[in-house]
Each structure stands twice: as C-alpha cells, then as structure tokens.
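Residue-level structure breakdown
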Amino acid sequence: MTEILVTGATGNVGRHVVAHLQTADAPVRAFVRKPTAAQLPEQVRIVGGSLTEPDTLAAALEGIDTVFLIWPFLTTEAAPAALEAIARHARRLVYLSATGVNPAAARQTDAINQLHADMERLIEDSGVPHTLLRSDTLAANARGWAEQIRTAHTVRGPEIAATAVVHEQDVAAVAARALTDDRQTGAVHLLTGPEILSRADQARTIGEEIGHPVTFEPVSVAAAREQMLADGRPPALVEALLSSAENRPASTVVTSTVAELTGAPARTFRSWAQEYAAIFR
C-alpha cells in the first residue's frame, strides 16, 4: 500500500485519522501548514504546505494514491486547483462533509452546509473516485466552551438546533476504514452519535462529569455576533456560525453507520466529556 495523504492532520479529526491508520499499519503522510508544530508520532512522514498553494500540495501528493480531505476554509475559491492536483495523482478521495447537506436542494439551509454541498459537487466534477463522510456536529466543538466553564460554570451562546453529536474518534475510525477499503468507494456515509442532544444537554453532561453544575444560557444572535467579533473572530467565520444558529433545522437522524463500519457502537457525548473533563475544571 502506498502512503495515504491526510490533510488537516493536526486537527480534531485528522490527528485521530493518522492514529487509526497507524494502528492499521497503513503508511501515513501528514499534510500540515506548520511541520515543526505538528506534534505527530515520529514514524509519520510530515509534509508542509497548504491546500491554497497547489504547488505544495502537488509535491505532497507524489507517490500518493489515496487522500483524506478536510476543507478548512469558508469558501471554495481554492478548491478547483486543489482538486485538480489531487486528480493528477490520486485514485481515491475520502471527503469529510456534513450531515446537513441535502443533495436534492438547490440551496442549503446555512453557509456551512452550502460550503460542503459545493465541495461535494466539485469533487464529483473532478472525476476522482470518492467516499463522502457526512458527519454530524463534532463533540470536539464543545472544547470552545472550556474557558467559560472554568471561570463561570456557564456556557453563553446562540441556541443551535439539537443534533446527534458524534465523537471525533468515531469519525476518524470510519475515515480510516474508508481510506483502506476500496469497497467504500462511491459510498455516502452519515455519521452520528447515539443520541440527540441540545447545547443545554451537552453543558449539563460536562457539569456532571466535572462535579460542578454547568448551565447553558442562550443569547440572541445579535449579542453573540457582538461578543464573537469583540473576541477577535474573523467576521466571515462569525457570520457562517451564526447562519447555522439561525437557519439550521433540528435533526432527529441517528444512524448505525459507526457500528456497522468499525464494529463498535458510537461513543456517547458523556464518554467524550469524561475523556476531556480536565480541560473544563
């Protein structure tokens, strides 16, 4: 097996994809922006570059035939060039998308789902055989609440529709399976956790695991925008996140895909909160 190129290899999902591939004895090449700060195992080959710089991506793709793609941007502006480079080298691509994508809709519910839908279309147009992993809300997103919980035992933010929050380890485990199993080519997998949770449910669960009640205090979109901009977040990111809060409908979808592809049931959000309790104390 040739090396598998993992983009976003230092992120919440990509880092675990690297680990799962190593466990499966699959050769891994990590594509990262800052190699000296990657903190990946020594046996992982690390290549520096950016998805927005096709020359660096092309160099990273030499000898690669399978790619795990995370698109970390808010637009698809650089995607055609990146996918062209991938198409010249790879025979398979696994893309991390979102469960909110409705392929039958002319327009998606919000900016983030629209981005993923646009990426899926571009991947289809690229001609590269691919697998789509449509993931639900990642449990890792709750790490952004750590400072609020440590200092005030309260999470303040816009309410977002409840969803089947999925552990990033489960997403990574499915990704590793898709990357090493040619039979997954052409598949579209919906990845969810085992239960529908609101933000209040998640905050309460974290509180139970750290031994101190944690509450969720919803704020208006206007107030959230003001605070997020004051915190220094890029305006485009703020608007994308708030678009989800305002427009994304509630989801009742819970799938068995994780269990079917990994042989283990999807982890609960409580198990995630237990693993990361230290960052909230």
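Relevant structure appears above.
All values derive from a computational prediction rather than experimental measurement.

Another aspect to go through is the side chain of Q114. Considering the arrangement of structural elements, one finds Q114 in helix 4 (residues 111-126). According to the relative accessible area criterion, Q114 is buried, its value standing at 10%. The contacts of Q114, once residues within four sequence positions are left out, are R107 and Q108.

Positionally, D136 belongs in the loop between strand 6 (130-135) and helix 5 (146-152). Of the side chains with opposite charge, R248 lies nearest to the buried D136, which makes no salt bridge, at 6.5 Å. Contacts of D136, omitting those with residues within four sequence positions, involve T99, T163, A164, V166, L191, T192 and V253.

Here we take up helix 4. Over its 16 residues, helix 4 extends 22 Å from the first C-alpha to the last, a length consistent with the 22 Å expected when each residue adds 1.5 Å. When we look at burial in helix 4, the residues that qualify are N113, Q114, L115, H116, A117, M119, E120, L122 and I123. In the segment just after helix 4, G127 is the residue with positive phi, at about 85°.

In this structure, Q39 is a non-glycine residue whose phi angle is positive, near 55°. You can call Q39 exposed: its relative accessible area is 72%. With a phi close to 55°, H153 is a non-glycine residue in the positive phi region. Within the secondary structure, H153 sits in the loop between helix 5 and strand 7 (154-157). Exposure remark for H153: the relative accessible area of 25% places this residue in the partly exposed category.

Let us look at the sheet that holds strand 6. Pairing is parallel across the open sheet formed by seven strands, whose spatial order is 3-2-1-4-5-6-8. Strands with a single pairing partner mark the edges of an open sheet, and in this sheet they are strand 3 (45-48) and strand 8 (188-191). Each adjacent strand pair in this sheet contributes to an overall mean axis angle of 20°, direction not counted. Bridge count between strand 5 (residues 92-98) and strand 6: six bridges; the pairing is parallel. Looking at the pairing, A98 lines up with S135 of strand 6. Contacting strand 1 (4-7), strand 4 (66-69), strand 5, strand 6 and strand 8, helix 6 (residues 168-180) crosses the sheet at an angle of about 155° to strand 5.

The next point concerns helix 8 (residues 221-230). Taken together, the buried positions of helix 8 are V221, A224 and M228. When helix 8 is viewed along its axis, its buried side chains cluster within an angular range of 60° and face the same direction. Exposed residues on helix 8 whose side chains face more than 90 degrees from its buried face are A222, E226 and A230. Here the buried face of helix 8 lies against helix 9 (235-247).

Analysis parameters
- Residues numbered from 1 in each chain as written.
- Predicted model: local features only at pLDDT ≥ 70, side-chain atom pairs only at ≥ 80, totals over all residues.
- Heavy atoms only, no water.
- Helix = DSSP H or I, 4+ residues; strand = E, 2+ residues; numbered from the N terminus.
- Buried < 20%, exposed > 50% of the residue type's maximum accessible area, 1.4 Å probe, protein only.
- Contact = heavy atoms within 4.5 Å.
- Lys, Arg positive; Asp, Glu negative; His and termini not counted.
- Salt bridge = Lys/Arg side-chain N within 4 Å of Asp/Glu carboxyl O.
- Expected span 1.5 Å × (residues − 1).
- Pairing = 2+ DSSP bridges.
- Axes fitted to C-alpha atoms, helices over the stretch in contact; angles between N-to-C directions.
- Arc of directions from axis to C-beta.

As far as function goes, none of this settles anything; it's purely spatial.
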